[in-house]
Amino acid sequence: MFKKIIVAVAIILFVFPTVYAKERQGEITFEINIEAPENSTDVKLWLPYPASDKEQTIEDVKIDGNFSNKGVYSQKEEKDLALYAEWTKPSKERTLKITFKAKAIERSKNNFPQKESDIPAEIKEYVKGSQFIPTDGKIKEIASGITKGNKGVRKKAEAVYDWVIENTFRDPDIKGCGTGDVERIIAEKSGKCADISGVYVALARAAGVPAREVWGLRLGKKPEEDITGGHHCWAEFYMPGYGWIPVDPADVRKAMLTEKLELDDPKTKEYRNYYFGAVDAYRIILTRGAKGYNLIPAQKDGIIPYGFMYPYAEIDGKAVEWLAGQKELKYKITFKELN
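Right, let's walk through the structure included here. (Residues numbered from 1 in each chain as written. Predicted model: local features only at pLDDT ≥ 70, side-chain atom pairs only at ≥ 80, totals over all residues. Heavy atoms only, no water.)

## Some words on the sheet that holds strand 6 (residues 94-105)
1) Next: Spatial strand order, 3-6-1-18-11: five strands in an open sheet with antiparallel pairing. Unpaired on one side and paired on the other, strand 3 (56-65) and strand 11 (224-226) mark the two borders of the sheet. The mean inter-strand angle of the sheet, taken between neighbouring strand axes irrespective of direction, is 15 degrees.
2) Next: Pairing between strand 11 and strand 18 (residues 329-337): three bridges, direction antiparallel. (Pairing = 2+ DSSP bridges. Helix = DSSP H or I, 4+ residues; strand = E, 2+ residues; numbered from the N terminus. Axes fitted to C-alpha atoms, helices over the stretch in contact; angles between N-to-C directions.)

Here is the structure:
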């Protein structure tokens, strides 16, 4: 009897080798310190402020620090929110701490309808190109080749997803999540999550598939964990009559790198199948959509050529580096599991 149980378990593990958590919850703490000149009276900070939706619950938000003023502002992009704080008096240090409880469930939307309707008018903007999401020239040429013979949004979205996985790879030496420079990544074939997701969105749009990037934060898998390096970007495409569908080709490439998998490995196929239409519960969404971000209240040092995912700060009207090493802007993010 015991041997039969072992065999049954082995069969289950072979057929379903990866089990994804359906729910994750914990307390997240951002601790931020801006090292500005002591006599500066113009120090500002914007921080993505996550909101609850059908798959994540954000509650018990606590904000502390020695700021002069603060507020939560609605942004023009995707109904995003930003916590804004400013320091208008000389100070030896400028600190802000925000703590909140987050509960996330697996985002799964793969029960695709058989028929597709027309793309709604309000969604057509997600097919357009922009300064940061090119859809013409070489991008258009590649997209047309990828989706040739495919009809309908779903088939085109899947064809682009397959191409991105098969024609890019993860470069662990790139800082942060990458820059999302689509044309560079198309040429070099390498990048991190913002790069690979950016390629997906640009190619999808060029093929007539509404798509956007999602900027988020991975939750810890340990009872307590430093998740400062846990920012992550994935993508969504819109299927008429069904809604926004998550896709994460970057996490497929990450799994392949981490587990030393080839494209024809059965485990790779499992990851590919899963991340087309689902993402795991170990993440929350911070913001959606935009590259080339104009904040509210407005920043002074020009448009953010990136998604609004990291804390962004300005000292005397000049942006400080938030991606390359936390020089003037220093922050730590921690996760503590809640039962």
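## Re helix 6 (residues 249-259)
1) Next: Buried within helix 6 are the following residues: P249, A250, D251, V252, R253, A255 and M256.
2) Next: Downstream of helix 6 by a residue or two, K260 has a phi angle that is positive, lying close to 55 degrees. (Buried < 20%, exposed > 50% of the residue type's maximum accessible area, 1.4 Å probe, protein only.)

## Details of the packing of helix 6 against helix 7 (residues 266-274)
1) Next: Where helix 6 meets helix 7, the axes come as close as 9 Å, and the angle between the chain directions of the two elements is 155 degrees. With respect to helix 7, the element helix 6 is oriented roughly antiparallel. Every pair of crossing elements has a handedness; the one defined by helix 6 and helix 7 is right-handed. Across the interface between the two elements, V252, A255, M256 and E259 of helix 6 pack against K267, T268, Y271 and R272 of helix 7.
2) Next: For the contact of helix 6 with helix 7, a count of residues per class yields four nonpolar, one polar and three charged. (Parallel < 35°, antiparallel > 145°, perpendicular 65-115°, else oblique. Left-handed = near helix turned anticlockwise from the far one by under 90°. Contact = heavy atoms within 4.5 Å. Nonpolar A, V, L, I, M, F, W, Y, C, P; charged D, E, K, R; others polar.)

## Some points on the packing of aromatic side chains
1) Next: Per the counting criterion, the structure on display carries 15 aromatic pairs.
2) Next: With centroids separated by 5.0 Å and ring planes inclined at 85 degrees, the aromatic side chains of Y126 and W244 adopt a geometry described as edge-to-face. Taken together, the positions of Y126 in the loop between strand 7 (107-108) and helix 2 (137-147) and W244 in strand 13 (residues 243-247) put the pair 118 residues apart, joining distant regions of the chain. Each member of the pair, Y126 as well as W244, carries the same accessibility label: buried.
3) Next: Measuring from ring centre to ring centre gives 5.5 Å for F237 and F276, while their planes differ by 25 degrees; the resulting arrangement is stacked. In this pair, F237 sits in strand 12 (residues 231-239) while F276 sits in the loop between helix 7 and strand 14 (278-279), placing the two residues 39 residues apart along the sequence. Each of the two residues, F237 as well as F276, counts as buried.
4) Next: Through successive ring pairs, a cluster of aromatic residues spans F112, Y161, F237, Y242 and F276.
5) Next: Across from the ring centre of Y242, 4.7 Å away, lies the NZ or CZ of K109, which sits over that ring. (Phe/Tyr/Trp six-rings, centres within 6.5 Å; stacked < 30°, edge-to-face > 60°. Lys NZ or Arg CZ within 6 Å of the ring centre and 35° of its normal.)

## Digging into unusual backbone geometry
1) Next: Put simply, I296 and P297 share a cis peptide bond, and its omega is -10 degrees.
2) Next: Inspection of the secondary structure puts P297 in the loop between strand 15 (283-289) and strand 16 (312-315).
3) Next: In the Ramachandran plot, D316 falls in the positive-phi region, its phi being about 55 degrees despite a non-glycine side chain.
4) Next: Of note, D316 is situated in the loop between strand 16 and strand 17 (318-319).
5) Next: The exposure class of D316 is partly exposed, given its relative accessible area of 45%.

## So, the nonpolar core
1) Next: By size, the foremost hydrophobic cluster in this structure holds 96 residues, and its most contacted members are I28, I34, Y200, L203 and F237.
2) Next: The element contributing the most residues to this core is helix 5 (residues 193-206), with ten residues. (Core = buried A, V, L, I, M, F, W, Y, C linked by side-chain atoms within 4.5 Å.)

Distances and angles like these do not, on their own, reveal function.
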